[in-house]
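A look at the structure
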Amino acid sequence: MPDPLGTRLRAERDRLDIDQPPLAVITARAVALRRRHRLVQGGVAAAVAVVVAGGVAAVMAPSGEQAPRPPAASSDPGGVWTDENVTVNGLAHLPTDLPGKIRDVEFVDADRGFLLAADCAGLGSCTNRVYATADGGRTWAMQAVPAQLGSTDAASVPALVVTGSQVALVAGTTVAVGDPWEVSSASPAATPLPGTARLYSTGCGQPLLAVTPSGLIAPPQQPPGISVCWTSPVRAGDGSWWVGGSSGGKAALSVSRDDGRHWENHVFDVSGQARVAMLGTNVYAFLVDPASTPARLLGVASSEDGGVKWGPVHPTAGNATIGGDAVPLLDGRLLIVDGVGHWLVSEDRGASWHRLEGLHQTMRLARTRVGYVAYEMSNIYTAFSVDGSTWQKLDAQ
């Protein structure tokens, strides 16, 4: 008499249909993982942010050790990782390997975006390529680049800047706008800044410029008494423009509420430089020490009335760092990455911070026209988010 259990097991086994990935997919995954492993091995041991006495302190890893990485957050391209309502959505496969390194990503709207990759031979010549997406970063198509911006030295790789409904390539005082590209140089402005303008500076302490659909212009007035090192990529909710930097060695901000005709300064009693994060009438000043790389976060001050009045500076404990821009979340929290890969949130307007666990190690966040971009996520990913809470990996590396 046949064994019923054996017969059933054989039938179930026969119904199994487990396909192995194609050899090319397995090879691509192995190459990407090996490359990421080499990048991590070659990195410098960095500070690990921990919560101490209501703030963030830094514990330096002993010489030769590697900073701990989130648990397996990069090994499964199609996964979803979440902690405290911050979610990273994966791809169905490893991202498309573009030549060079992704240097800049900008989105005109939630679907239409642009990516700049630079393929550099050490510190020498770089080949710059621009890619465009019309589906939120799921597919990319290469665009032609003007000859004078397509090949540059490493210090002159252009930046992507959105102005109006167009994207511009900017390097120094040379700008190429639109498709097809129209190349021009900076010119003075005798009128207020147009609503399509995006503030831009060629370097810390250099004159403030603005990118417009017709090229680079200078605002009617320069912010007085402040060395500008940071410019907001977007206008605030009330239409104001913000820049940050230092004044007399102190962290300082300047705001124009009349399209660049006049500027108002606010100087904080902290040595360093200031950057701004905005959401509605909430404005946050992040005070940093630019002498360190990544920049050390010194403290946070906030305003609830669009920057008219400011609360006290909440000093940040220890040697915590900040990688790029801060993200004010819709639920009132602040989100940053700390410059060595960890995601941190504050529930009290920057007075204290704690780490999110299990998310991808990420080195920099950047504000864009319609959201935020995360760079060097697990060393191989770039991700985009409209609100800072839900992130989608882009199909490009």
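Presented here is an overview of the structure given in this document. Please read all numbers here as calculations on a predicted model, not as lab measurements.

This next bit is on the overall build of the chain. Along the backbone of the chain there are 3 helices and 32 strands. In the chain, once contacts between residues fewer than 6 apart in sequence are set aside, the share between residues at least 24 apart is 48%. Looking at the chain as shown, the accessible area adds up to about 18000 Å², and 54% of this sits on carbon and sulfur atoms.

Right, let's talk about the side chain of Glu 106 for a bit. Tracing the sequence through the fold places Glu 106 in strand S5 (residues 101-107). A residue is classified by how much of its surface remains accessible, and Glu 106, at 3% relative accessible area, is buried. For Glu 106, the side chain forms a polar contact with the side chain of Arg 198, separated by 3.1 Å. Contact partners of Glu 106, with chain neighbours within four places excluded, come to Gly 113, Phe 114, Leu 160, Val 162, Arg 198, Thr 368 and Arg 369.

Taken together, the 6 strands give an open sheet; going across it, the order is S3-S4-S32-S31-S30-S29, and neighbouring strands pair in mixed fashion. With one partner strand each, in any of the chains shown, strand S3 (80-83) and strand S29 (364-368) form the two edges of the open sheet. Going across the sheet, the axis of each strand differs from the next one's by a mean of 20 degrees, ignoring polarity. The pairing of strand S4 (residues 86-89) with strand S32 (residues 390-393) spans 3 bridges and is classified as parallel. Counterpart to Val 88 in the pairing with S32 is Trp 391.

So, about the nonpolar core. With 20 residues, the main nonpolar core has Trp 343 and Trp 391 as its most contacted residues. Elements with a minimum of two residues in this core: S4, strand S26 (334-337), strand S27 (343-346), strand S30 (371-377) and strand S31 (381-385). Looking at which element gives the most residues to this core, the answer is S30, with 3 residues. In this structure Trp 391 touches Val 86, Thr 87, Val 88, Asn 89, Trp 343, Leu 365, Tyr 372, Val 373, Ala 374, Ala 383, Phe 384 and Ser 385, once residues within four positions along its chain are discounted. By size, the runner-up hydrophobic cluster in this structure holds 17 residues, among which are Ala 236, Val 276, Ala 285 and Trp 310.

What follows deals with the pattern of salt bridges. Charged atoms that come close allow side chains of opposite charge to pair. Using the criterion set out here, one finds 9 salt bridges in the structure. A salt bridge links Arg 198 to Glu 106, with the shortest nitrogen-to-oxygen separation between them at 3.1 Å. In this pair, Arg 198 sits in strand S14 (residues 198-201) while Glu 106 sits in strand S5, placing the two residues 92 residues apart along the sequence. Glu 106 carries the same exposure label as Arg 198, and that label is buried. For Arg 235, the salt bridge is made with Asp 259, and the minimal N-O distance between the two is 3.0 Å. Highlighted residues: Arg 235 in the loop between strand S17 (227-231) and strand S18 (241-247) and Asp 259 in the loop between strand S19 (250-256) and strand S20 (264-271), separated in sequence by 24 residues. A residue is classified by how much of its surface remains accessible, and Asp 259, at 27% relative accessible area, is partly exposed.

On inspection of all chains with the given rule, the structure shows 2 disulfides. Disulfide pairing places Cys 120 opposite Cys 126 at an S-S distance of 2.0 Å. Torsion about the S-S bond of the Cys 120 and Cys 126 cystine: about 110 degrees, corresponding to right-handed handedness. On the accessibility criterion, Cys 126 (0% relative accessible area) is buried. A sulfur-sulfur separation of 1.7 Å characterises the disulfide bridge that pairs Cys 204 with Cys 229. Placement of Cys 204 in the loop between S14 and strand S15 (208-212) and of Cys 229 in strand S17 is noted, with a sequence separation of 25 residues between them. The partly exposed category is assigned to Cys 229, whose relative accessible area is 26%. Each bonded cysteine of the chain gets a number by its place in the sequence, and the pairs then read 1-2, 3-4.

What counts, and at which threshold
Residues numbered from 1 in each chain as written. Predicted model: local features only at pLDDT ≥ 70, side-chain atom pairs only at ≥ 80, totals over all residues. Heavy atoms only, no water. Helix = DSSP H or I, 4+ residues; strand = E, 2+ residues; numbered from the N terminus. Contact = heavy atoms within 4.5 Å. Areas by Shrake-Rupley, 256 points an atom, 1.4 Å probe, with all protein chains shown as cover. Buried < 20%, exposed > 50% of the residue type's maximum accessible area, 1.4 Å probe, protein only. Polar contact = N/O pair within 3.5 Å; in protein donor to acceptor, adjacent residues only side chain to side chain. Pairing = 2+ DSSP bridges. Axes fitted to C-alpha atoms, helices over the stretch in contact; angles between N-to-C directions. Core = buried A, V, L, I, M, F, W, Y, C linked by side-chain atoms within 4.5 Å. Salt bridge = Lys/Arg side-chain N within 4 Å of Asp/Glu carboxyl O. Disulfide = S-S within 2.5 Å.

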